[in-house]
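What the coordinates show
Here's the letter readout for the chains.
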Amino acid sequence: MTTLYRATFLHTPENPFTHADALRAESDGGLLVEGGVIRARGAFADLRAAHPDAPVTDLRGGLLLPGLIDTHVHLPQVRVIGGLGLPLLDWLDQCALPEEARMADVAYARDVARDFTRGLVGAGTTTALVFGSHFAGAVDAFFEEAAQTGLRAVAGLVVSDRLLRDELHTTPERSYAEGKALIERWHGVGRTLYAVTPRFSLSASEGILDACAALMREHPGVRFTSHINENTREIEVVQGLFPGARDYLDTYERAGLIGRHSVLAHNVHPSDRELGVMAAAHCTAAHCPCSNSALGSGFFPLRRHLDAGVHVALGSDVGGGTGFSLLKEGLQAHFMQNLMPGGVPLSPAHLLYLATKAGADALDLPGVGAFEPGQQFDAVHLAPAPGTPLDAVFRHAASPERALAAAFATGTPGDVAQVWIGGDVAHTRA
Ligand SMILES: O=c1[nH]c(=O)c2nc[nH]c2[nH]1
Ligand SMILES: [Zn+2]
């Protein structure tokens, strides 16, 4: 089936941190989509002339953006969003881990997976790197829910064998066996990919990190994700647990877990050595500015990441973060860079890139992240309700770029009118 979408659209097929004019916009644009794939892109009038018989979906009056890509978000934490005012380790003990223990009940986990997936897609997120659950049944339930919704999910079993709660602990042998079975069931099936996911080195022994590395070696193409350098107290504890490690990154590096398919969340307090290794390995730092603010973790040193050549993308980190909206994450990133000494001024192009193409590159998914011919039609239509301030800005904006800036400044999931994944409608505002 072929459809010609008519819209004001923006995308960042190039990286604005390294390319001038990376933001591409069409005020009255056309995207010709066939079988879920973008076949042609340009001015609407040109595409209409070339394809006079294609049915037109008219999306004028809003903004059409590539589907947003969240590179760090926790499945079991949707119902504990809002535990404000605690530092990381206290927040884990008091807010996150008690709820994560409830995921042992598969019926409960299925309900949570529904809340979670709806929250993501309703915010315009079409691809997510998801920290799953410590329970394999809950991870299955999530993959099933993602397959129903159409979400592009990269996710895995979260594994730990110390310092959390007994119910959340496993063993290297069991984590390997359960991970292998999940990979065989889900990796590369439909739109899902598997991510090997030790929670963080604080809760993962060398034995369990070795089991993770075995899964990575035996299943080329699975992704890797974990946390790093989020909180100063956490870093001290990790140093004590790995006395032979050069730094936090080395706890993963020594196990053979750092490479092109590794995404490390936070990295608020990195050393220069760690940044150099991350850049050389082409791995990604998932920057989660709302979480860093809510948990008081610190200011993300974006300038140092960019100078070192480390790839950076955005994550919501629900539920340490405050919601699923990557528009809000973009705004918070902008605020924090504005406020910190030596921060990087972030333009609307940077924010859009961080929320879309940067995530696609992090996850090595060349088929998504922008509106290039040959890419999947993953898209979010922002169309604020008439009478809202964002609607007023959209109607009077001097350029698509100004409208985009306002979408980041004041847009919410309530402004997401429709979401497509692979050409299929995945969400329509009620
Ligand atoms: O922000 C975070 N959320 C978590 O759930 C978590 N677990 C380990 N480290 C973490 N950081
Ligand atoms: Zn996290």
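Residues numbered from 1 in each chain as written. Chains lettered and ligands numbered in written order. Predicted model: local features only at pLDDT ≥ 70, side-chain atom pairs only at ≥ 80, totals over all residues. Heavy atoms only, no water.

1. A short note on the pattern of salt bridges
Inspection of the entire model under this criterion finds 26 salt bridges. Across the pair arginine 246 and glutamate 253 runs a salt bridge whose closest N-O atoms are separated by 3.6 Å. A relative accessible area of 23% places glutamate 253 in the partly exposed class. We note a salt bridge from glutamate 253 to arginine 273, for which the minimum N-O separation is 2.8 Å. With a gap of 20 residues between them, glutamate 253 in helix α8 (residues 248-253) and arginine 273 in helix α9 (residues 272-281) connect regions that are remote in the sequence. (Salt bridge = Lys/Arg side-chain N within 4 Å of Asp/Glu carboxyl O. Buried < 20%, exposed > 50% of the residue type's maximum accessible area, 1.4 Å probe, protein only. Helix = DSSP H or I, 4+ residues; strand = E, 2+ residues; numbered from the N terminus.)

2. A word on the nonpolar core
Counting 120 residues, the largest nonpolar core has Phe116, Phe142, Tyr252, Leu257, Leu264 and Leu382 as its most contacted members. If you tally residues by element for this core, the top one is helix α2 (residues 88-101), at seven residues. Aside from chain neighbours lying at most four places away, what touches tyrosine 252 is Phe200, Ser201, Leu209, Phe224, Ser226, His227, Ile228, Leu257, Ile258 and Leu264. With 12 residues, the next largest nonpolar core counts Ala7, Phe9, Leu31 and Phe371 among its residues. (Core = buried A, V, L, I, M, F, W, Y, C linked by side-chain atoms within 4.5 Å. Contact = heavy atoms within 4.5 Å.)

3. Observations concerning the coordination of the zinc ion (ligand 2)
All of the protein donors around the zinc ion (ligand 2) are His72 (NE2), His74 (NE2), His227 (NE2) and Asp317 (OD); their distances to the metal are 2.0 to 2.4 Å. One can describe the site at the zinc ion (ligand 2) as irregular: its four donor atoms subtend angles covering 89 to 172° at the metal. Overall, histidine 227 belongs to the buried group, its relative accessible area being 6%. (Donors = N, O, S within 2.8 Å, 3.2 Å for Na, K, Ca; no water. Tetrahedral: all angles 85-135°; square planar, octahedral: opposite > 155°, others 65-115°.)

4. Digging into the site of ligand 1
In the neighbourhood of ligand 1, the contacting residues comprise His74, Gln77, Leu88, Trp91, Leu92, Arg199, Phe200, His227, Glu230, His266 and Asp317. A distance of 3.4 Å separates a nitrogen atom of ligand 1 from a polar side-chain atom of histidine 227. Take glutamate 230: an N or O atom from its side chain is 2.6 Å from a nitrogen atom of ligand 1. The protein chains hide 100% of the 270 Å² of surface that ligand 1 would expose on its own. Across the shell around ligand 1, the residue classes break down as four nonpolar, four polar and three charged. (Near = heavy atom within 4 Å. Polar contact = N/O pair within 3.5 Å; in protein donor to acceptor, adjacent residues only side chain to side chain. Areas by Shrake-Rupley, 256 points an atom, 1.4 Å probe, with all protein chains shown as cover. Nonpolar A, V, L, I, M, F, W, Y, C, P; charged D, E, K, R; others polar.)

5. So, the environment of aspartate 70
One can find aspartate 70 in strand β6 (residues 68-74). For aspartate 70, a relative accessible area of 0% puts it in the buried group. The spatial distance from the C-alpha of aspartate 70 to the C-alpha of leucine 354 is 9.5 Å, given a sequence separation of 284 residues. When sequence neighbours within four positions are dropped, the list of residues in contact with aspartate 70 reads Leu120, Thr125, Thr127, Ala128, Leu129, Leu314, Gly315, Ser316 and Leu326. Within polar-contact distance, the side chain of aspartate 70 engages the backbone nitrogen of histidine 72 at 3.0 Å.

Bear in mind that shape data such as this cannot, by itself, settle questions of function.
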